[in-house]
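# Breakdown of the fold
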Amino acid sequence: MTTPRDRSSNQESLWSVRYDGGFLLRAYSLVGVLAITAWWAPTLPMLGLLPLTLLLAAPAMLGLWHRTVARGLLAVRQFQPGRGLFWLGSRRVLAYFLDAGLAIGLTLLALMHAAFFGAREWSLLTAMPVVFVLGRRASLHWLAPQFAGAVYTSRGTTWVAGWCVVVLYLAGWVALAVAEPHLPAAGLLERVEALQAHWKGAPSATAQWLAHFMAWADAGTALIGSLGEGPAWRVAFAVVLAPVATVAFVALGFKGLALPSREVRRIFGPGPSAADEPPGATPAGVAAWAVVIVVSGLVLVQAVASLEQRLRSSSNPLALERVPECEAIDGKVYKLGTLALLTEALGAGTAASERAREASCRALDAARAAAEKGVDAYLDWYYSLPAEWGRIAAMLKGDLEKLLQNELQARLSASSGWSEALAAAQAGGEAHVVALDSLRVKAKEILRDNVLVKDESACHVVRRASIEEALRLQEAGALRLRAAGGAAAGMAAGAVAAKVAAKAMTKASMKTAVKLLAKFAAKRAAAVGTSVATGAAVGSVVPGLGTAVGAGVGFVVGLGVSVAADFGALALEEHFERTKAKDELMESLAETLAPMRQVSGCAP
């Protein structure tokens, strides 16, 4: 008869150091397969992912099935063998199916969760087999004598070891998340979207759904201070469920891997048995299990295929779709890159308008230089005796101002380069207008072609800008140039010369010249008459010439003296007044061209 002490000693011998070494080898193999599958998962179709999942789930199934066997034994011990309740309590098929489904579900969740692991998570997971061994050996020392059979000892000690793994894993998980959180640059939603992006093209829809869910867990853990951002239920649910599912898979897998061979035989035995050495499965039992496994596999494949099809045709509420990026311009949203196109178009248009403006300014400078030659020609005429006598004659007819204005206009119009310069200035102004108009048209075409039929809430605004004010200024500039061009009547050389001449007549020097000419005309007429009379009188009394001839010669001499006096007076007037007169005439020219220069933005 086996005593409790003998049974305890026998049980302890089954958990030797060599057995722990075998368990650690199997446990780290499980972790290794998990790591490889997690890394490979985004590229695997469900047909490839399912066998690997079943392989990883097998240890967890064994752990759950052993727990079901132990519970069943505890339940049927109260019933008489061969009775109905004993038969009903010993049925395990339904429980095994439920356990298998739970194991597969936990495995898939853990697999998708592990796909987001970093170095610290894998380091934590790698320490768990050692934790399980230590927990199991400690519980074996204290609890083995308390149990009545190997089955209960296995269940009790692995239960304690499993909870050691659960508690330490979750404590380590939370401690790492709080003490050394990841520091991603983006917020929670951006982090989730970035994690999910790796799974967008995953062949398996089921894996994609689960990975999208686990992305919330990973992002929520990494950004523990941002859990209030975005849909809180997704984050909280994922952060809680993900590590729980992973640690449950690990603990159950370790339990299954830690089972001695006799406990595995007990799981697949023909009926409930509490014997320390349960009988193995009979040939009929093996055949039955083979049929069950094949049928279950076919049903599982069909169910997974149906699930895949359903998930492919439905939207995932856990997936974050990146909203299109856009640009906000003056209260409307446009395609990304619109601002770059506008900047390019504005740059090209501005460069064209600037070239036209500079050409117009150069032409106006050339017109001023040409006009200066015409002013010099006018002053040369003005300070000549024929001009002086012509002005006197025009004054007597009342046409003095008209004469002066016409002479100045004629000299300006005849000046070399005057007409060409004004024509070039006109062409530059027109090119400037065309460039500004083209710029506005191009900008409006870009805005029209790139506008989005949505508001800012339907896209992610990456930059904001306003070009309305710039376009308004361009339009105002074009209007001013167009108005200036129309007012100048095409900048015709004759028209501008007439304006300059008319403006010159308002200057002080021209008005003073007209007044002085009226006063001096009478004096000069008297002086001429006196000179002629005096010359005639003197000539008539000069001996030897005769009275008539002497008078004639004296008349000519007197006229010459008068002309010489006029020439001297005109030369003296030119010496003192010409510079001032030229400055005022050039000032009239500058005032006439000033509106065009101002509109074109030329220097004064």
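In every chain, residue numbers begin from 1 and rise along the written sequence. Local features in a predicted model are, by the rule used here, given only for residues with pLDDT of at least 70; side-chain atom pairs are given and counted only at 80 or more, and totals for whole chains, interfaces and linings are based on all residues. As a rule here, side-chain values cover all heavy atoms of the structure and leave hydrogens and water aside.

Helix and strand assignments come from DSSP, with helices taken as H or I runs of at least 4 residues and strands as E runs of at least 2, each series counted from the N terminus. A tally of regular secondary structure across the chain gives 21 helices and 3 strands. In the chain, which comprises 604 residues, the proportion classed as buried is 43%. Contact definition: two residues touch when any of their heavy atoms are within 4.5 Å. By sequence separation, contacts in the chain at least 24 residues apart represent 82% of the contacts at least 6 residues apart. Accessible areas in this description were obtained via Shrake-Rupley with a 1.4 Å probe; residue shielding takes into account the shown protein chains only. Carbon together with sulfur atoms contributes 66% to the accessible area of the chain, which is approximately 30,400 Å² in total. Burial classes: relative accessible area under 20% of the type maximum marks a residue as buried, over 50% as exposed, and values in between as partly exposed (1.4 Å probe, protein chains only).

Our focus in this paragraph is a nonpolar patch on the surface. Candidates for patches are residues over 30% relative accessible area with no salt bridge; among them, like charges are joined within 9 Å and nonpolar side chains (Val, Leu, Ile, Met, Phe, Trp, Tyr) within 5 Å. Between Lys or Arg on one side and Asp or Glu on the other, a salt bridge is scored when a side-chain nitrogen of the former is within 4 Å of a carboxyl oxygen of the latter. Judged by side-chain polarity, Tyr28, Val130 and Leu134 come together as a nonpolar surface patch covering roughly 260 Å² of accessible area. Among the secondary structure elements, tyrosine 28 is positioned in helix H2 (residues 17-40). By relative accessible area, which is 32% here, tyrosine 28 ends up partly exposed.

Here we take up the nonpolar core. Among the nonpolar cores identified, the biggest contains 74 residues, and Leu49, Met112 and Phe254 are the most heavily contacted of them. Ranked by residue count, the leading element in this core is helix H3 (residues 46-76), at 13 residues. To form a nonpolar core, buried Ala, Val, Leu, Ile, Met, Phe, Trp, Tyr and Cys residues must be joined to one another through side-chain atoms within 4.5 Å. Membership of the second largest hydrophobic core comes to 28 residues, among which are Cys361, Leu364, Leu422 and Val500.

A pair of aromatic rings is counted whenever rings of Phe, Tyr or Trp (Trp by its six-membered ring) have centres within 6.5 Å, and the orientation is called stacked for planes under 30 degrees apart, edge-to-face for over 60 and tilted otherwise. All chains considered together, the criterion is met by 7 aromatic pairs. Within the aromatic cluster, the residues linked to one another by ring pairs are Phe23, Phe132 and Phe254. In this structure, arginine 136 packs its charged tip against the face of phenylalanine 23, placed 5.3 Å from the ring centre. Only when the NZ atom of a Lys or the CZ atom of an Arg is both within 6 Å of the ring centre and within 35 degrees of the ring normal do we say a charge sits over the ring.

Glancing now at the pairing of strand E2 (residues 332-335). Each regular strand shows side chains that alternate between the opposite faces of the sheet. Direction of pairing for strand E1 (residues 325-329) relative to E2: antiparallel, over a ladder of 4 bridges. Paired with cysteine 326 across the bridge in E2 is lysine 335. Where E1 folds back onto E2 in an antiparallel hairpin, the turn is made up of 2 residues, including aspartate 330, whose phi is positive at roughly 55°. For two strands to pair, DSSP has to find at least two bridges joining them.

We now examine the pattern of salt bridges. Taken as a whole, this structure holds 6 salt bridges when the rule is applied. Glutamate 308 is paired through a salt bridge with arginine 312; the nearest N and O atoms lie 3.3 Å apart. With glutamate 308 and arginine 312 both in helix H13 (residues 283-312) and 4 residues apart, this pair spans about one turn of that helix. Notably, a salt bridge pairs aspartate 449 with arginine 448, separated by 3.5 Å at the nearest N-O pair. Among the residues examined, arginine 448 registers a relative accessible area of 55% and is labelled exposed.

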